[in-house]
Amino acid sequence: MLKKIKISHLKQVISPSIVHIHVDQSLNAKLLSIYIYTSAVVSLIGGSDRHLYKMFRVVLAALTIIALVNGETCESPEFKVVSHSTRDARLTAESAAQLEITVKCKNGKQPGTLYADINGQVIPCAQTPTAPGKYFIGVAANTHKELASGRTKIKLYDDDSYSALRKARTEDATKAVKPFGQVELNHPGVSYGPWLPSEFFAVCTFGLVWWAAYRERSKILG
Amino acid sequence: MFSKTALILLAFISVAYSQTDDEESFLFVTKQTVNRFIVQGKELTIKYGLYNSGPTTVFNVNLNDVHSYPSKYYELLVGTLNPKWERINAGTNLTHVVVLKPKESGISNSSHAIVTYQKSEKNTEVQRTYSSEIGDVYIMTGREYDRRFSSHVIDWILFTAMASPCIVFPFFLWFNSKRKYELLASKDKTTKKAQ
């Protein structure tokens with residue numbers, strides 16, 4: 001009789017905790033340990049004592065609320081962007097650009113995965129295991145003209161805003177989703193080399209010299 | 001001559017194989033360079049394209065190309081040779097750009113990049129795939145590239161400096177004699193007028 005009650009209590013306690021673990025994925029280990037501990041305590045003590053069992057459920061609910069509030073949302077992020085793009089059109093056949101974004105949050109937490117909206121397509125940003133907090137976005141174009149020169153605005157979405165974006169079905173709804181932040185890609189344009197080659201100036205200079213000499217010669221001879 | 005059961009068995013097998021291809025996603029990785037020429041001391045831009053074909057998302061994608069470009073021969077300017085993405089949705093076409101600077105010239109071989117990913121979030125079985133490779137490339141020295149493409153202004157200035165004695169010296173001689181002759185001619189004129 002006592003064993004049956006313990007198992008049913010365990011199930012009732014653990015099932016809401018499992019739901020909350022999915023929401024806060026990076027505090028997973030901490031929460032899991034807390035819940036296992038409290039559920040073990042409940043199963044040991046609150047088997048027959050209903051009041052104690054109710055109190056422990058309230059404590060668990062409070063813990064989940066606290067965990068959700070101090071959650072992973074990054075508030076007021078600051079972006080530091082280093083952008084690089086191909087500048088020399090004679091050295092490269094196609095254009096490519098790369099953005100390196102360093103995100104700093106006020107509460108010291110990192111946003112997890114970031115997604116960038118480039119030319120209408122939302123793609124995830126790359127991260128590297130050696131430098132956490134740095135996000136990389138790559139843009140490639142088939143011709144030099146396809147990569148727009150000047151400043152291009154790129155909207156960034158984190159996990160929450162990205163899931164909201166995917167749920168939005170109409171265009172208005174997609175525009176209404178608030179992005180996590182916005183960065184700019186600065187592409188100064190490609191250069192094909194100097195407009196007038198130096199040979200042109202050399203030819204002009206020596207041509208002038210020759211012309212002056214020819215004029216004098218014709219004066220002497222003529 | 002085939003019996004009915006053998007034919008039915010063949011049909012089942014073929015349908016089963018085609019169905020497994022539909023359900024699984026495969027990540028195609030291409031590795032290309034956008035450079036026309038690879039020059040020592042100039043930027044080498046490499047573009048990795050990742051394409052998720054198939055209907056499902058792939059998770060925990062890790063691209064490792066550190067072995068192709070050792071830091072002894074290449075300097076990493078922009079990007080990382082070891083990017084990772086937590087998820088790539090179905091049908092997404094991603095690009096990752098890395099800019100390197102070759103330190104030495106000659107023939108160099110860059111091999112495949114190794115990409116590992118998981119087909120599902122729960123199944124931690126890691127699938128390994130290789131990118132396409134660029135193969136053997138010739139890294140030309142800075143001088144060879146400059147010979148064709150630099151603006152040559154300094155070369156022309158040097159040429160002018162070396163050619164100027166040939167032009168300036170006879171010009172100087174002519175100018176002196178011209179001045180003397182003109183002075184003489186004007187003196188003669190004034191003396192004639194005076195006379």
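Just so you know, these numbers come straight off a predicted model, no measurement behind them.

Conventions used here
- Residues numbered from 1 in each chain as written.
- Chains lettered and ligands numbered in written order.
- Predicted model: local features only at pLDDT ≥ 70, side-chain atom pairs only at ≥ 80, totals over all residues.
- Heavy atoms only, no water.
- Helix = DSSP H or I, 4+ residues; strand = E, 2+ residues; numbered from the N terminus.
- Buried < 20%, exposed > 50% of the residue type's maximum accessible area, 1.4 Å probe, protein only.
- Contact = heavy atoms within 4.5 Å.
- Areas by Shrake-Rupley, 256 points an atom, 1.4 Å probe, with all protein chains shown as cover.
- Pairing = 2+ DSSP bridges.
- Axes fitted to C-alpha atoms, helices over the stretch in contact; angles between N-to-C directions.
- UniProt positions renumbered as here; feature names shortened; annotations may be inferred.
- Core = buried A, V, L, I, M, F, W, Y, C linked by side-chain atoms within 4.5 Å.

Chemist: Which parts of the structure should I look at to understand the overall build of chain A?
Modeler: Within chain A one finds 6 helices and 8 strands. In chain A, the order of α-helices and β-strands from amino to carboxyl end is α-α-α-β-β-β-β-β-β-β-α-α-β-α. Burial status across chain A gives 34% buried among its 222 residues. At a minimum sequence separation of 6, the contacts of chain A that also span at least 24 residues come to 67%. For chain A, the accessible surface area stands at approximately 14,100 Å², while carbon and sulfur atoms represent 61% of it.

Chemist: Please explain the sheet that holds strand β2 (residues 38-39) of chain B as it appears in this structure.
Modeler: Consider a sheet: its strands pair through backbone hydrogen bonds, and that pairing is either parallel or antiparallel. Residue and element names in this part refer to chain B. Strand order across the open sheet formed by 3 strands is β2-β11-β8, with mixed pairing between neighbours. Strand pairing shows two members of the sheet lacking a second neighbour, β2 and β8 (106-110), which therefore form its edges. Taken together, the 2 bridges between β2 and strand β11 (residues 135-140) define a ladder with parallel strand orientation. Each residue of the ladder has a partner; that of V39, found in β11, is M140. This element, helix α2 (residues 142-149), spans β2 and β11 of the sheet and lies at about 70 degrees to β11.

Chemist: Would you mind going over unusual backbone geometry with me for this structure?
Modeler: As a rule of thumb, non-glycine residues mostly have phi less than zero, and peptide bonds are mostly trans rather than cis. For N119 of chain A, which is not glycine, the phi torsion reads 50 degrees and is therefore positive. Backbone geometry at H152 of chain B places phi at a positive 60 degrees, although glycine is not the residue there. Relative to the elements of secondary structure, H152 of chain B occurs in the loop between α2 and α3 (153-194). Given a relative accessible area of 19%, H152 of chain B falls into the buried group.

Chemist: Help me understand the pairing of strand β8 (residues 181-187) of chain A, please; the structure alone is not making it clear to me.
Modeler: Across a regular strand the side chains alternate sides, sitting on one face of the sheet and then on the other. Residues and elements named next belong to chain A. Burial of β8 is one-sided: the residues G181, V183, L185 and H187 facing one way are buried, the residues Q182, E184 and N186 facing the other way are not. Two elements, strand β7 (residues 150-157) and β8, share 7 bridges in a ladder whose sense is antiparallel. Bridge assignment links L156 to a residue of β8, and that residue is G181.

Chemist: What am I meant to see in the UniProt feature "transmembrane region" (unreviewed entry) in chain B here?
Modeler: When the UniProt feature table is mapped onto this chain numbering, "transmembrane region" (unreviewed entry) sits at residues 156-175 of chain B. Overall, residues 156-175 of chain B shows 100% helix and 0% strand. The separation of its end C-alpha atoms is 26 Å.

Chemist: Sorry, what's going on with the side chain of S53 of chain B here?
Modeler: Residue and element names in this part refer to chain B. Within the secondary structure, S53 sits in strand β3 (residues 44-53). Among the residues examined, S53 registers a relative accessible area of 18% and is labelled buried. Those residues in contact with S53, other than ones at most four positions away along the chain, are S25, F26 and F28.

Chemist: What exactly am I supposed to notice about the nonpolar core here?
Modeler: In a soluble, globular protein the nonpolar side chains are often hidden away together inside. Within the largest apolar cluster, 46 residues are counted, with the highest numbers of intra-cluster contacts made by I137 of chain A together with L50 and V61 of chain B. Tallying contributions element by element places strand β6 (residues 131-141) of chain A first for this core, with 5 residues. Excluding residues that lie within four positions of it along the chain, V61 of chain B makes contacts with L27, L50, P83, K84, W85, I88, V115, T116 and Y117 of chain B. Counting 6 residues, the second largest nonpolar core, distinct from the first, contains L91 of chain A together with F37, Y145 and F149 of chain B.

Chemist: Sorry if this is basic, but what is going on with the sheet that holds β8 of chain A here?
Modeler: Residues and elements named next belong to chain A. Taken in spatial order, the 4 strands line up as β4-β3-β7-β8 in an open sheet, and their pairing is antiparallel. Looking along the sheet, the strands with just one partner apiece sit at the ends: β4 (121-124) and β8. Across this sheet, the average inter-strand angle for adjacent strands is 35 degrees, counted without regard to direction. Inspection of the sheet shows strand β3 (residues 115-118) paired to β4 by 4 bridges, in the antiparallel sense. Paired with D117 across the strands is V122, a residue of β4. Packed on one face of the sheet, helix α4 (residues 159-167) meets β3, β4 and β7 and runs near 90 degrees to β7.

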